[in-house]
2 protein chains.
Amino acid sequence: MENKAFIGIDLGGTNMRAALVNTSGSILEQIKVSTEISQGAEQATENLLEMCRRLMERAASGQLQVEAIGMGVAGKIDPQNNVVVFSPNLPAMDNFPLGVRMEEALRIPVTMENDANVYGLGENWVGSAQDLNNWVGLTLGTGVGGALIFNNRLWQGDKLGFSAEVGHLVVEPHGLPCTCGSQGCLETLSSGRALMEGVEEAVKKGKLVGGKLFELWQKDRLTAQEIYFCAKEGDSTSLELFRRMGWALGIAISNMFMLLGIRHAIIGGGVSASWDLFIDPLMKTLQTTNRFLNAEQMTVRQSLLGDDAALLGAARLAWDCQWG
Amino acid sequence: MENKAFIGIDLGGTNMRAALVNTSGSILEQIKVSTEISQGAEQATENLLEMCRRLMERAASGQLQVEAIGMGVAGKIDPQNNVVVFSPNLPAMDNFPLGVRMEEALRIPVTMENDANVYGLGENWVGSAQDLNNWVGLTLGTGVGGALIFNNRLWQGDKLGFSAEVGHLVVEPHGLPCTCGSQGCLETLSSGRALMEGVEEAVKKGKLVGGKLFELWQKDRLTAQEIYFCAKEGDSTSLELFRRMGWALGIAISNMFMLLGIRHAIIGGGVSASWDLFIDPLMKTLQTTNRFLNAEQMTVRQSLLGDDAALLGAARLAWDCQWG
């Protein structure tokens, strides 16, 4: 195996990154370019191919053979047909046979998956979950994504193009409307968007009329990170939003533990940086809701790999598909 | 395999049943006796052993060899140590090493599991799910139980002694108190007990002051079945309870489909006989909540095997543990 390597790709709406990864899970080289999806799917594919060719040359110069390519894409993927079904952040890619085109051009196997699923594979391989067999992953970003790892493998269910859609678990059936059309999904309570909308709501209701948070909102400079800083300075509106985030995560994780008979969760994604503000209400809710597990049996960990989880997981996906 | 057979046992609080099952999934003979748990765990074990010995003799007379025994028990089981952890209906069995004792006495392997889990194995083997690989099972009785079948096998998670605790999925976090100590569990809305308590509640609130349903309550003759009959006659309180049952099942099943990326559910248990009253609100909720699956992709089926599901599933459990 020493001379084998894989390419992992993280294809996002803004940037795309690709890495050459060896079988020990080390990134040997990585490239990042802007996706420029506005130039169309064909151009984006060309840019991807160019990155792959550069990494394949780099591999060859080090006596390494790139065996396969794995790709994490933000959106609904059809992994069996290697097609992007739809991607809100990559609209030009809808129904585009990205994987097929790349295989034809590069003549090595290409496998695609949802970006949250490859994050799960990355953490499982060389991240927070190396010692775990069964666990659920959550990614907190603009929305909430998820991954299920069962017996050390990515669970893909009936291969319908989605699984672990944790963000759309209904936590409060009579709750806030979600972008998916449903109500009270986890995403309406525990995402970056939920934080932003929570501030918006507070302003609308006249509960937030001054102070730093209000000013940020007024100047249209509000971000999840700014809300975090306000909370750290004691702002009560912001603190309540993080408390609600933790509560909803606690309900969702408790349900998943009871359903799956497992006891480990790992939380990643940009918004997980606000860990210190949501972990206490999360654990409290989890411990009071779940009567099947003792507090000390359950672990909720923070992701270790950050942005690299997706790159490493995509490479691992390629590996698993070759020697599954 | 033709000369091999298994014994499946369904151990309940009132009765215990045992069946001799061949490798085609046919019941060759079955015995039912009252459990008489009040006489203690030792006596109940003796009664179980007696049933097994009779079925083993019956097997031998037909040139069949009983390879192993599987047992479904209502309660929390430790399958790795063959111990009943606790069982509300079999209090004398708490922490009793039932499986160990039976193995010592009969000198063949004995495996135990939760009763809802063996129901799942039964339906998967020769019932409603023969054509499915991945599905979730729900049993509607006094409470609500569940089973997860992944890749045609029973999912046991981290082997913590529980999995698929569907009845304790939180559907309404600010809802009714559950026996488990939590609030708004599926069981508080979709079980036989929920129907009974719903009538009680209607009387308390002065919403039910006369009619057949009220009389049944007054005479302490209320059962889930009687509530069903009242609903069929158009009683609005009863109809609303079944509508609520279907709604809550729809939320829970939708969440499980989104989490697991699967699309099939099978509903069994005594209360599933009220199918015609809850299936419409169930399907409507499922279809409006779940944005990842089209209506025609999802199936919710009724259990086929009735009481025999647990016996056949217990036999199958024994088989799987031998040639897993």
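Basis of the calculations
Residues numbered from 1 in each chain as written. Chains lettered and ligands numbered in written order. Predicted model: local features only at pLDDT ≥ 70, side-chain atom pairs only at ≥ 80, totals over all residues. Heavy atoms only, no water. Domains from an automatic or database assignment. Contact = heavy atoms within 4.5 Å. Buried area = accessible area lost by both parts, 1.4 Å probe. Salt bridge = Lys/Arg side-chain N within 4 Å of Asp/Glu carboxyl O. Polar contact = N/O pair within 3.5 Å; in protein donor to acceptor, adjacent residues only side chain to side chain. Helix = DSSP H or I, 4+ residues; strand = E, 2+ residues; numbered from the N terminus. Nonpolar A, V, L, I, M, F, W, Y, C, P; charged D, E, K, R; others polar. Buried < 20%, exposed > 50% of the residue type's maximum accessible area, 1.4 Å probe, protein only. Arc of directions from axis to C-beta. 1 Å grid on protein atoms, 1.4 Å probe; cavity = no way out; pocket = protein on both sides within 12 Å on 5 of 7 lines; lining within 4 Å. Points joined across faces, edges and corners; volume = space filled by probe spheres on them. Axes fitted to C-alpha atoms, helices over the stretch in contact; angles between N-to-C directions. Parallel < 35°, antiparallel > 145°, perpendicular 65-115°, else oblique. Left-handed = near helix turned anticlockwise from the far one by under 90°. Disulfide = S-S within 2.5 Å.

A word on the domain arrangement of chain A
Residue and element names in this part refer to chain A.
Move 1: Structurally, chain A comprises domain 1 (4–124 + 307–323) and domain 2 (132–302).
Move 2: Domain 1 and domain 2 are separated by 28 Å when their C-alpha centres are compared.
Move 3: In this complex, domain 1 contributes 13 residues to the contact, which on the side of domain 2 involves 22 residues.
Move 4: Carbon and sulfur atoms supply 53% of the area buried between domain 1 and domain 2, which totals about 1,300 Å² over both sides.
Move 5: Linking domain 1 with domain 2 are zero salt bridges.
Move 6: Where domain 1 packs against domain 2, one counts six residue pairs in polar contact (both at pLDDT 80 or more).
Move 7: Where the side of domain 1 that touches domain 2 is concerned, the elements lending two or more residues are β5 (76–78) and α3 (115–126).
Move 8: If one sorts the elements of the side of domain 1 that touches domain 2 by residue count, α3 sits on top with seven residues.
Move 9: The residue inventory of the side of domain 1 that touches domain 2, partitioned by class, reads five nonpolar, four polar and four charged.

Here we look at helix α7 (residues 224–232) of chain B
Residues and elements named next belong to chain B.
Move 1: Considered for burial, the residues of α7 that qualify are I227, Y228, C230 and A231. Axial view of α7: buried residues confined to an arc of 160°, hence all on one face.
Move 2: Elements in contact with the buried residues of α7: α5 (192–204), α6 (211–218), α8 (236–260) and α9 (275–289).
Move 3: Once α7 ends, the next one or two residues include G234, with phi positive near 100°.

Some details on empty space enclosed by the protein
Move 1: Evaluation of the coordinates by the stated rule reveals three cavities of 30 Å³ or more.
Move 2: Estimated volume of the largest cavity: approximately 140 Å³.
Move 3: Forming the boundary of the largest cavity are 16 residues, of which L169 and N255 of chain A together with L169, V170 and N255 of chain B lie nearest the centre.
Move 4: Broken down by secondary-structure element, the contributors of at least two residues to the lining of the largest cavity are α8 (236–260) of chain A together with α8 of chain B.

Observations concerning the packing of helix α1 (residues 41–61) of chain A against helix α2 (residues 98–106) of chain A
All names here are of chain A.
Move 1: Interhelical geometry of α1 versus α2 gives an angle of 45° and a closest axis separation of 11 Å. Classified by the angle their axes make, α1 and α2 are oblique. When you trace α1 past α2, the crossing you get is right-handed. Between α1 and α2, the contacting residues are E42, T45, L48, L49, C52, R53 and M56 on the first element and L98, R101, M102, A105 and L106 on the second.
Move 2: Each residue belonging to the contact of α1 with α2 can be placed in one class, and the counts come to eight nonpolar, one polar and three charged.

Focus on the state of the cysteines
All names here are of chain B.
Move 1: By the definition in use, this model includes zero disulfides over all chains.
Move 2: No disulfide involves C185; its sulfur sits 3.7 Å from the nearest other cysteine sulfur, which is in C180.
Move 3: For C185, a relative accessible area of 0% corresponds to the buried category.

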